[in-house]
Amino acid sequence: MSRQAASLIDFRPPSLRLLQSALAFQRWYFAPTLSGEEHVNPERPALFVGNHAMYGIVDSPLFVSELYRRTGVFPRSLGDHFHFVTPGWGRLLERFGAVPGTPENCRTLMNHGQHILVFPGGAREVAKRRDEINRLVWKQRTGFARMAIAHGYDIVPFASVGCDESWRILYDGHDFRASRLGRWLLSHETMAKKLRDGDLFMPLAKGVGPTLMPRPEPFHFRIGAPISTAALQGQEQDPAVQWQVREQVADSINSMIATLAKARAAERPSLSRWRRWLLRDQ
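Residues numbered from 1 in each chain as written. Predicted model: local features only at pLDDT ≥ 70, side-chain atom pairs only at ≥ 80, totals over all residues. Heavy atoms only, no water.

Student: Would you mind going over the overall build of the chain with me for this structure?
Tutor: Helix and strand counts for the chain come out as 13 helices and nine strands. Against the compact-globule benchmark of 19 Å for 282 residues, the chain has a radius of gyration of 19 Å, which places it among compact chains. Buried residues in the chain amount to 54% of all 282 residues. Nonlocal contacts in the chain, meaning residues at least 24 apart in sequence, comprise 81% of its contacts between residues at least 6 apart. Looking at the chain, you have 37 positive and 27 negative side-chain charges, and the mean spots of the two groups are 6 Å apart. (Helix = DSSP H or I, 4+ residues; strand = E, 2+ residues; numbered from the N terminus. Rg over C-alpha atoms; globule rule 2.2 N^0.38 Å. Buried < 20%, exposed > 50% of the residue type's maximum accessible area, 1.4 Å probe, protein only. Contact = heavy atoms within 4.5 Å. Lys, Arg positive; Asp, Glu negative; His and termini not counted. Charge placed at Lys NZ, Arg CZ, Asp CG, Glu CD.)

Next comes the structure, spelled out in structure tokens:
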């Protein structure tokens, strides 16, 4: 086994007490709830696939924390490459089990029976546009399906709502690309490459009042029924098979998003006074 592979699989999850302590304020502020945990089999490694929220820094830790608390499963997160070249931030993510989302890393983790978490939308999905709230932004990506099929992994879809609604977008990637500055910057090859042709432009938004502090929207997470890929092994290089699995997963997530959105709307009148006050239109 190579040294790199050994470093990937030697990871030991933090204690639940440490994780909950580190996220104590976020758990109080966003009051996350998780349903559908009966679909998780801790003894059967799976690939957890979900929708990513704007900015991508709040939803993932809270989902992992709730999943860990309710099922004992602590998945290894596959992250976008830019996270791991950011001083300090990349090391912090690695400390909590995240690894760069390369096929090689995914393959190593699957070969050793690890639970894995991935957001196929990656950085593009966290760079929300106004018309992308609670929407999947996966482009043509099918890599997660290919890897799951190749290893016969179950895919466990999950969804979240409330995260995107914690901010109000003031200026997004569409605005940037249409602006004089945006057109000028993206006309330069080096800058266009760094911004991935504008995909990495993070929205400018406000939360509580005029600040960037997110509004205390309750977060709702739901886990769907596993999608088996075992019968498809050997067909992982077939684009039609990859797309079929991808769309099955996306349909499950979209259905759960719709269900959670209704539940979120129904709970509004019962929220605490302080929470409703901070959630009022500003």
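Student: Before we go on, may I ask you to explain unusual backbone geometry in this structure?
Tutor: The phi torsion of most residues other than glycine is negative, and most of the peptide bonds are trans. Unusually for a residue other than glycine, K139 sits at a positive phi of about 50°. When you line up the elements, K139 lands in the loop between α7 (122-126) and α8 (143-151).

Student: Would you take a moment to explain the nonpolar core for this structure?
Tutor: Soluble globular proteins tend to bury their nonpolar side chains together. Ranked by size, the top nonpolar core spans 33 residues in total, and within it F48, F63, L67, L117, F158, F219 and I223 carry the most contacts. Looking at this core element by element, the count peaks at five residues for helix α4 (residues 59-71). Residues contacting I223, with those up to four places away along its chain left out, are L34, S35, G36, E37, H39, V40, F63, L67, V156, P157, F158 and M256. (Core = buried A, V, L, I, M, F, W, Y, C linked by side-chain atoms within 4.5 Å.)

Student: Before we go on, may I ask you to explain a nonpolar patch on the surface in this structure?
Tutor: Together, F25, W28, M213 and W274 line one region of the surface with nonpolar side chains, adding up to about 440 Å² of accessible area. Here M213 lies in the loop between β8 (204-206) and β9 (220-223). Residue classification places M213 among the partly exposed positions, given a relative accessible area of 41%. (Patch = residues over 30% accessible without salt bridge, like charges linked within 9 Å, V, L, I, M, F, W, Y side chains within 5 Å. Areas by Shrake-Rupley, 256 points an atom, 1.4 Å probe, with all protein chains shown as cover. Salt bridge = Lys/Arg side-chain N within 4 Å of Asp/Glu carboxyl O.)

Student: I would appreciate a short explanation of the side chain of D199 in the present structure.
Tutor: Note that D199 resides in the loop between α11 (189-194) and β8. Relative accessible area serves as the criterion here: at 15%, D199 is assigned to the buried category. A polar contact is formed between the side chain of D199 and the side chain of K139, at a distance of 2.3 Å. Discounting residues that sit within four places of it in the chain, D199 has contacts with A123, R124, A127, R129 and K139. (Polar contact = N/O pair within 3.5 Å; in protein donor to acceptor, adjacent residues only side chain to side chain.)

Student: Explanation requested: the side chain of T142 in the structure shown.
Tutor: Among the secondary structure elements, T142 is positioned in the loop between α7 and α8. Not counting the four nearest positions on each side in its chain, T142 is found in contact with Q242, W243 and R246.

Student: Which parts of the structure should I look at to understand the sheet that holds strand β5 (residues 116-118)?
Tutor: In a beta sheet, neighbouring strands pair by backbone hydrogen bonds and run either parallel or antiparallel. Here we have seven strands laid out as an open sheet, ordered β1-β9-β6-β2-β5-β3-β4, and mixed in their pairing. Of all the strands in the sheet, the pair left with one neighbour each is β1 (33-35) and β4 (99-100). In terms of strand pairing, strand β6 (residues 154-161) meets β9 through four bridges, oriented antiparallel. Along β9, the bridge assignment pairs A159 with R222. (Pairing = 2+ DSSP bridges.)

Student: What should I look at first to understand the environment of N51 in this one?
Tutor: Position of N51 relative to the elements: it lies in the loop between β2 (46-50) and α4. Given a relative accessible area of 2%, N51 falls into the buried group. Along the sequence, N51 and P157 sit 106 residues apart, while their C-alpha atoms lie 9.0 Å from each other. Here S160 takes part through its backbone nitrogen, which lies 3.0 Å from a polar atom of the side chain of N51.

Student: Honestly, α4 in this entry has me stumped. Any pointers?
Tutor: Think of an α-helix as turning once every 3.6 residues; residues three or four places apart then point the same way. For α4, spanning 13 residues, the distance from its first C-alpha to its last is 18 Å, which sits close to the expected 18 Å at 1.5 Å a residue. Taken across its 13 residues, α4 has 10 buried, putting it largely inside the fold. Positive phi shows up at G72, right after α4, with a value of about 80°. (Expected span 1.5 Å × (residues − 1).)

Student: Looking at this model, I keep getting lost on the packing of α8 against helix α12 (residues 239-267). Mind explaining?
Tutor: Here α8 crosses α12 at 105°, and the two axes come no closer than 8 Å. On the basis of their axis angle, the class for α8 and α12 is roughly perpendicular. Together, F144, A145, R146 and I149 of α8 and V241, Q242, V245, R246 and V249 of α12 make up the contact between the two elements. Here the contact of α8 with α12 is composed, by residue class, of six nonpolar, one polar and two charged. (Axes fitted to C-alpha atoms, helices over the stretch in contact; angles between N-to-C directions. Parallel < 35°, antiparallel > 145°, perpendicular 65-115°, else oblique. Nonpolar A, V, L, I, M, F, W, Y, C, P; charged D, E, K, R; others polar.)

Student: Before we go on, may I ask you to explain α12 in this structure?
Tutor: In this model α12 runs 42 Å from its N-terminal to its C-terminal C-alpha over 29 residues, within 8% of the 42 Å that 1.5 Å per residue would give. Near the N-terminus of α12, the side chain that reaches the backbone nitrogen of A240, with its oxygen 2.9 Å away, is that of D238.

Student: In this structure, what is going on with the pairing of β9? I would like to understand it.
Tutor: Remember that side chains alternate between the two faces of the sheet whenever the strand is regular. Where β1 and β9 come together, three bridges link them in parallel fashion. Pairing of T33 across the sheet is with H220, part of β9.

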